[in-house]
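If you want the building blocks of each chain, they are given just below.
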Amino acid sequence: MGLKRIFKSLIILNKEIETSRGMLYPRESETREVRTLDGIWNFVRSDETNPTQGIRDGWFKDDLSKSMPTIPMPVPASYNDITTEQTLRDHVGTVWYDRKFFVPRSWGQDQRVWLRFGSVHYEAYVWINGRSAVKHEMGHLPFETEVTHLLKYGAENRITVMCDNALIQTTVPQGKISEVANDEGVTIIQSYTFDFFNYAGIHRSVHLYTTPKTFIEEVEVKTNLSQNNSVGTVDYSITVNGTAANEAENTLLARLQIYNREGVQVANVTSDSKLVGSLQVDNVKPWWPYLMHSDPGYLYELEIRLYAAKEQLLDVYRLKVGIRTLSWTNTTFLINGKPIYFRGFGRHEDADVRGRGLDNALMARDFNLLKWIGANAYRTSHYPYSEESMQFADQHGIMIIDECPSVDTENFNQVLLDRHKSSLEQLVHRDRNHPSVVMWSIANEPRTGQVNADTYFQFVANYTRSLDSTRPITAAIAVPSNDDKAGRHLDIISFNRYNAWYSNTGRLDMVTQRVISEATGWNKKYDKPVLMSEYGADTLEGLHLQPAFVWSEEFQTEVFSRHFKAFDALRRQKWFIGEFVWNFADFKTAQTYTRVGGNKKGVFTRARQPKAAAHLLRQRYFALGREVDQCNVPNDLFTYIADVGGSNVKHDSADL
């Protein structure tokens, strides 16, 4: 029987996954209204030993304050660092939120109302006025439901949310829950192998919005360029939801217009009843990455007007569109026909106090720093980032490797596979229209040497391809290339390695050749483009040691320099297409004696101020931009040193 159970656990089937519907970002128009429920909510932490008490006792049936004492809690934000209580910071299990809100009387007339969450980590149960509205599993991704029938119009309403942060071996990401003896008896411990804090709560905005009874539910766009990038094509597919769509589908049509940045119409078309077609933009301005063009991140506005018979306007929705093409070979990645060399970061959505909560000021600061340092890309390590940040990336021309929440994936099994595929389906559905998204990452540091990894990642990669064949697929792999079983299913090979840090700590003389050798090994094994998705060293800001010593700013600078030498040797091989520092900024982790207040590998502090290595990296990224993309360089890239006549001393940006 034991062998039969083991054999059964090794069988993984490629099952169908329930697909997402709707989820267009809430935007006001002539036919839609949007309001936010962000603000201060009421909050209750459940007893860790009795996480389902609120369900059994019906806390959702009335104000939370009538069941338990509440505290104020900001939304959006992680709840962990808001108070001074260790029990809340390290809480495992369920917490509860509620708040009151009014719905205008006019919303009850001839329209529908929807409730949408940008993200709740990890699992959410939602009630409106004591009645169940929606349940969703998967942090970092949006979910919505119609609440037309649950609301009281022209009156006060109550929304209640239960959030569960528990991670187990079949959640994405994975974790383990255990009971451990402590001084008071027993405590619940959440453990996980990933190296970032398991922040939880309502992390992104909560919206109520209206639509007409028959409305535009989904829009998918795909773009292309032709005639030497002078003509752009926007292929569209529209899905409609509502009574008119069900009863008289053949009478519906859409009128689509594309406007340029100045508001001038540059293309228009009227669809047939299938609501599928294309628009052509002559003298198009393609979407280019930052530093590849003098006007990067160019976006058009696509306006969609849905009509019924007799020219009755049903719905209006607008979205930004960047017109560009992607292609790749076994040696090159191209955008608009031009080879790309990625220079960027792994990042985290992480900040003091608010944790992983959406913060527009911090987001704006981060994008200013990305442009200041000359980066053209980042990976959404290790989960999908906010929709607002994706829109910012579109606007600023920052390329994104879009990663699902699967990190340190192991113990491959059927339930895990289904949830892993579901996370990718939700991610692709949400982000498919963003020009900034140039690659899908299906996992970070999965245990791809394990039994079943080959079959598991074949299913995951092929499923992702079935959702979107226009972008390449990668995964950030940390096992040695000789042990890996997943790379053959990817389009781009990404690898993580920490030479002179986790490997041969402190040995700066053991970096360059090892990076060259490992990258070459990956390319020889799979004959595919290779990029280094993580490298770096923890650095305590303000610690200076000469000669360079681990944790010092001098050491981080030296580690970078040794990697740069390897990357330049690899760039000459043509198949090496990018370098990503780990990390953009310092971030919080679980408590451990190897982490002093968190992971300190950032080139910026958690407060978004530069360490010494940031200035070196800035000089490299702009030097690469000058060589590869012929970009201009900032006047302050180099600090003036001295006028030394005809010597080779570099003292200003002209020396590039």
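Structure shown above.
This write-up is about the structure you can find in this document. Since the model is a prediction, treat every value here as computed from it, not as a measurement.

### Re helix α9 (residues 512-526)
Right, on to step 1. With 15 residues, α9 should cover 21 Å at 1.5 Å per step; its first-to-last C-alpha distance of 22 Å lies within 8% of that length.
Right, on to step 2. On its buried face, α9 is in contact with β29 (473-477), β30 (493-496), β31 (530-534), α10 (553-571) and β32 (576-582).
Right, on to step 3. Among the residues trailing α9, Asp-527 stands out with phi positive, at a value near 55°.

### A word on the pattern of salt bridges
Right, on to step 1. With the rule as written, the count across this model stands at 47 salt bridges.
Right, on to step 2. Residues Asp-636 and Arg-618 are paired through a salt bridge, measuring 2.9 Å at the closest nitrogen-oxygen approach. Pair noted here: Asp-636 is in the segment after α11 (612-629) and Arg-618 is in helix α11, with a separation of 18 residues, a long-range link.
Right, on to step 3. For Arg-618, a relative accessible area of 6% translates into the label buried.
Right, on to step 4. Each of Asp-568, Arg-571, Glu-579, Arg-620 and Glu-627 takes part in one network of salt bridges that share partners.

### Topic: empty space enclosed by the protein
Any empty space left between the atoms is revealed when a probe the size of a water molecule rolls over them.
Right, on to step 1. The final tally for this structure, using the stated rule, is eight cavities of 30 Å³ or more.
Right, on to step 2. Counted as a void, the largest cavity has a volume near 180 Å³.
Right, on to step 3. Contributing to the lining of the largest cavity are 18 residues, with Glu-349, Asp-359, Leu-362, Met-363 and Asp-366 lying nearest its centre.
Right, on to step 4. Ranked by residues supplied to the lining of the largest cavity, first place goes to helix α5 (residues 360-373) with three residues.
Right, on to step 5. Roughly 70 Å³ of volume is contained in the second largest cavity.
Right, on to step 6. Around the second largest cavity, the lining comprises 13 residues; the ones closest to its centre are His-121, His-140, Pro-173, Phe-196 and Asn-198.

### A word on the nonpolar core
Right, on to step 1. Counting residues in hydrophobic clusters, the biggest one holds 96 residues, and the most contacted among them are Phe-345, Ile-373, Ile-442, Phe-560, Phe-576, Val-603 and Leu-617.
Right, on to step 2. Discounting residues that sit within four places of it in the chain, Phe-576 has contacts with Tyr-341, Ala-519, Val-530, Leu-531, Met-532, Phe-567, Leu-570 and Arg-571.
Right, on to step 3. Grouped together as the second largest cluster of nonpolar side chains are 32 residues, Val-113, Phe-117, Val-120 and Ala-133 included.

### Here we look at the sheet that holds strand β14 (residues 206-212)
Two modes of strand pairing occur in sheets, parallel and antiparallel, and in both the strands are linked by backbone hydrogen bonds.
Right, on to step 1. Sheet architecture is open: four strands sit in the order β1-β14-β5-β9, paired in antiparallel fashion. The two strands at the open ends of the sheet, each matched to only one other strand, are β1 (34-36) and β9 (143-146). Strand-to-strand twist of the sheet, defined as the mean angle between neighbouring strand axes without regard to direction, takes the value 20°.
Right, on to step 2. Looking at chain direction, β1 and β14 are connected through three bridges and run antiparallel. By the bridge assignment for β14, Thr-36 is matched with His-207.

### What to know about the pairing of strand β20 (residues 300-307)
Right, on to step 1. Of all eight residues in β20, seven are buried; the element is thus mostly enclosed.
Right, on to step 2. Sheet topology note: the strand β17 (residues 253-259)/β20 ladder contains seven bridges and is antiparallel. Each bridged residue has a counterpart across the sheet, and for Leu-256 the counterpart in β20 is Ile-304.
Right, on to step 3. Relative to strand β21 (residues 313-321), β20 is paired through eight bridges, and the arrangement is antiparallel. Within β21, the position partnered with Glu-301 by the bridge is Lys-320.

Conventions adopted
Residues numbered from 1 in each chain as written. Predicted model: local features only at pLDDT ≥ 70, side-chain atom pairs only at ≥ 80, totals over all residues. Heavy atoms only, no water. Helix = DSSP H or I, 4+ residues; strand = E, 2+ residues; numbered from the N terminus. Expected span 1.5 Å × (residues − 1). Contact = heavy atoms within 4.5 Å. Salt bridge = Lys/Arg side-chain N within 4 Å of Asp/Glu carboxyl O. Buried < 20%, exposed > 50% of the residue type's maximum accessible area, 1.4 Å probe, protein only. 1 Å grid on protein atoms, 1.4 Å probe; cavity = no way out; pocket = protein on both sides within 12 Å on 5 of 7 lines; lining within 4 Å. Points joined across faces, edges and corners; volume = space filled by probe spheres on them. Core = buried A, V, L, I, M, F, W, Y, C linked by side-chain atoms within 4.5 Å. Pairing = 2+ DSSP bridges. Axes fitted to C-alpha atoms, helices over the stretch in contact; angles between N-to-C directions.

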